[in-house]
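Here are the chains, one letter per residue:
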Amino acid sequence: MKTSAVLRILLVLATVGQFLWTAMASSYCKEMGSSTYRPHSVTVTEFGAVGDGVTLNTKAFQNAIFYLHSFADKGGAQLFVPAGKWLTGSFSLISHLTLSLDEDAVIIGSKDPVDWPIIDPLPSYGRGRELPGARHQSLIHGSNLTDVIITGGNGTVNGQGSVWWDWFRNDTLDYTRPHLIELMYSTGVVISNLTFTDSPFWAIHPVYCSQVLIQNVTILAPSDSPNTDGIDPDSSNNVCIEDCYINTGDDLIVIKSGWDEYGIAFAHPSSNISIRHIVGAAHSGAGIAIGSEMSGGISNVQGIQGANFSNICLSNVDLSVNSKSPWNCSYIEGFSNSVSPESCEALKNPYQASLCYTTEHLEHCNLVQIL
């Protein structure tokens, strides 16, 4: 089910499989959102950063994070980014770190591709997403991390993606475009209370991760910007995405698990993904999509002839759409309640009506769930 119009999800519950995850996800997400105190803190200006929007601060970020590495076994540390415009290339995070942005802080991605290092393709993709071979590293990057928080007082991360979009349209890219945030093989990740604008490619990409909370973030890109997905959990599990506003040129949220034979061989499915309270606009894509790039599997989901999506409940959903036929449903079974515009026939099965009414009495049922 896709719509390219404004998608306003006031309350969505789509359950595939068991109801147990409903209660578990609510407490799990709440636990993930608890704040973590860091006994050590430094400001990026202590390492020579200049917030004038012109000075390149890559070394300052890298040196600050290198210094904070010594506090990893002492309760962790915080890197604070004060008000200002902080131009930088890609930098990598460490475990037990909080990257915190002031309300008036803007981290700005360099327009020079040299400042975005070239890294190997993901093993579940076997090549860059857009071009064979390697790819550019994300602006904020991390691999094999534990206990990482990227947060602030609604500060901003701006990828200055327009130059990348032009290279893509003109077919002059040498490597696949970078993300704003990509964390790989990481556990205990929180991304919250920030605004992400003009990503060169997908904005937030947790891949091979677990225990991830993405909460209270705003993601913006022009409606004609190519492939600027908002949040793409990829071959990841136990992921909570909630209370976000996303308005981009492609899908708002996409669940992925690798590409073709590489995804099959890597065999790392996505599972236990909870999505709730999402508002935004998907101009040329989906509000919430499963795939493409899902060859590694998405647990207990098939959606093909002979293996329908089942036990789907849509409750209290309000979609603002321009299309006269906004629903495109196939190979699904379920029930809908208080949905506007009126849902497709496949979601009007009276024998599954109890599905919605039962789940509405759960304490925290306002989830879109993929089990």
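Residues numbered from 1 in each chain as written. Predicted model: local features only at pLDDT ≥ 70, side-chain atom pairs only at ≥ 80, totals over all residues. Heavy atoms only, no water.

Looking at this model, I keep getting lost on the overall build of the chain. Mind explaining?
Secondary structure summary: the chain contains five helices and 24 strands in total. The burial tally for the chain puts 56% of its 371 residues in the buried class. Per element, the accessible surface of the chain, about 15,100 Å² overall, is 50% carbon and sulfur. (Helix = DSSP H or I, 4+ residues; strand = E, 2+ residues; numbered from the N terminus. Buried < 20%, exposed > 50% of the residue type's maximum accessible area, 1.4 Å probe, protein only. Areas by Shrake-Rupley, 256 points an atom, 1.4 Å probe, with all protein chains shown as cover.)

It is not clear to me how the side chain of His136 should be interpreted in this structure. Could you clarify?
By the element assignment, His136 lies in strand β10 (residues 135–136). At a separation of 2.8 Å, a polar atom in the side chain of His136 contacts the main-chain carbonyl oxygen of Trp116. With residues near it in sequence (within four places) discarded, His136 still touches Pro113, Trp116, Pro117, Ile118, Ile119, Trp164, Tyr175, Thr176, Arg177 and Pro178. (Polar contact = N/O pair within 3.5 Å; in protein donor to acceptor, adjacent residues only side chain to side chain. Contact = heavy atoms within 4.5 Å.)

How should I be thinking about the state of the cysteines in this particular structure?
Under the definition given, this model contains one disulfide. Between Cys329 and Cys344 runs a disulfide, and the two sulfur atoms are separated by 2.0 Å. As the torsion about the S-S bond is roughly -95°, the Cys329-Cys344 disulfide counts as left-handed. Of this pair, Cys329 sits in the loop between β22 (309–318) and β23 (332–340) while Cys344 is found in the loop between β23 and α5 (353–359), placing the two residues 15 residues apart along the sequence. Residue classification places Cys344 among the buried positions, given a relative accessible area of 13%. (Disulfide = S-S within 2.5 Å.)

Please clarify how the nonpolar core should be interpreted in this entry.
Nonpolar side chains tend toward joint burial in soluble globular proteins. In this structure, Leu79, Leu93, Ile150, Phe196 and Ile231 are the most contacted members of the largest nonpolar core, which totals 57 residues. Among the elements that make up this core, the one with the highest residue count is helix α2 (residues 58–68) (five residues). Sequence-distant contacts of Ile150, that is, excluding residues within four places in its chain, are made with Leu93, Leu99, Ile140, Ile181, Leu183, Val190, Ile191, Ser192 and Leu194. Formed by ten residues, the second largest nonpolar core is a distinct cluster that contains Phe309, Leu319, Trp327 and Val339. (Core = buried A, V, L, I, M, F, W, Y, C linked by side-chain atoms within 4.5 Å.)

Sorry, what's going on with the sheet that holds strand β6 (residues 91–92) here?
Hydrogen bonding along the main chain pairs the strands of a sheet, whether they run parallel or antiparallel. On the basis of which strands lie adjacent, the open sheet formed by four strands has the order β6-β11-β14-β16 and parallel pairing. Bordering the open sheet on either side are β6 and β16 (204–207), each of which pairs with just one other strand. (Pairing = 2+ DSSP bridges.)

So what exactly am I meant to see when it comes to the packing of aromatic side chains here?
Centre-to-centre distance and the angle between the planes together describe a pair of aromatic rings. Counted by the stated rule, this structure contains nine aromatic pairs. The ring of Phe168 has Arg177 lying over it, and the distance from NZ or CZ to the ring centre is 4.3 Å. (Phe/Tyr/Trp six-rings, centres within 6.5 Å; stacked < 30°, edge-to-face > 60°. Lys NZ or Arg CZ within 6 Å of the ring centre and 35° of its normal.)

Any chance you could explain the pairing of strand β15 (residues 187–197) here in plain terms?
Regular strands place side chains that alternate from one sheet face to the opposite one. Most of β15 is tucked away: nine of the eleven residues are buried. Here four bridges tie strand β12 (residues 146–152) to β15, and the two strands are oriented parallel to one another. When the bridges of β15 are listed, Val148 appears paired with Val189. Direction of pairing for strand β13 (residues 155–158) relative to β15: parallel, over a ladder of four bridges. If you follow Asn158 over to β15, its bridge partner there is Thr197. Sheet analysis places β15 next to strand β17 (residues 210–220), joined by nine bridges and oriented parallel. Each bridged residue has a counterpart across the sheet, and for Val190 the counterpart in β17 is Leu213.

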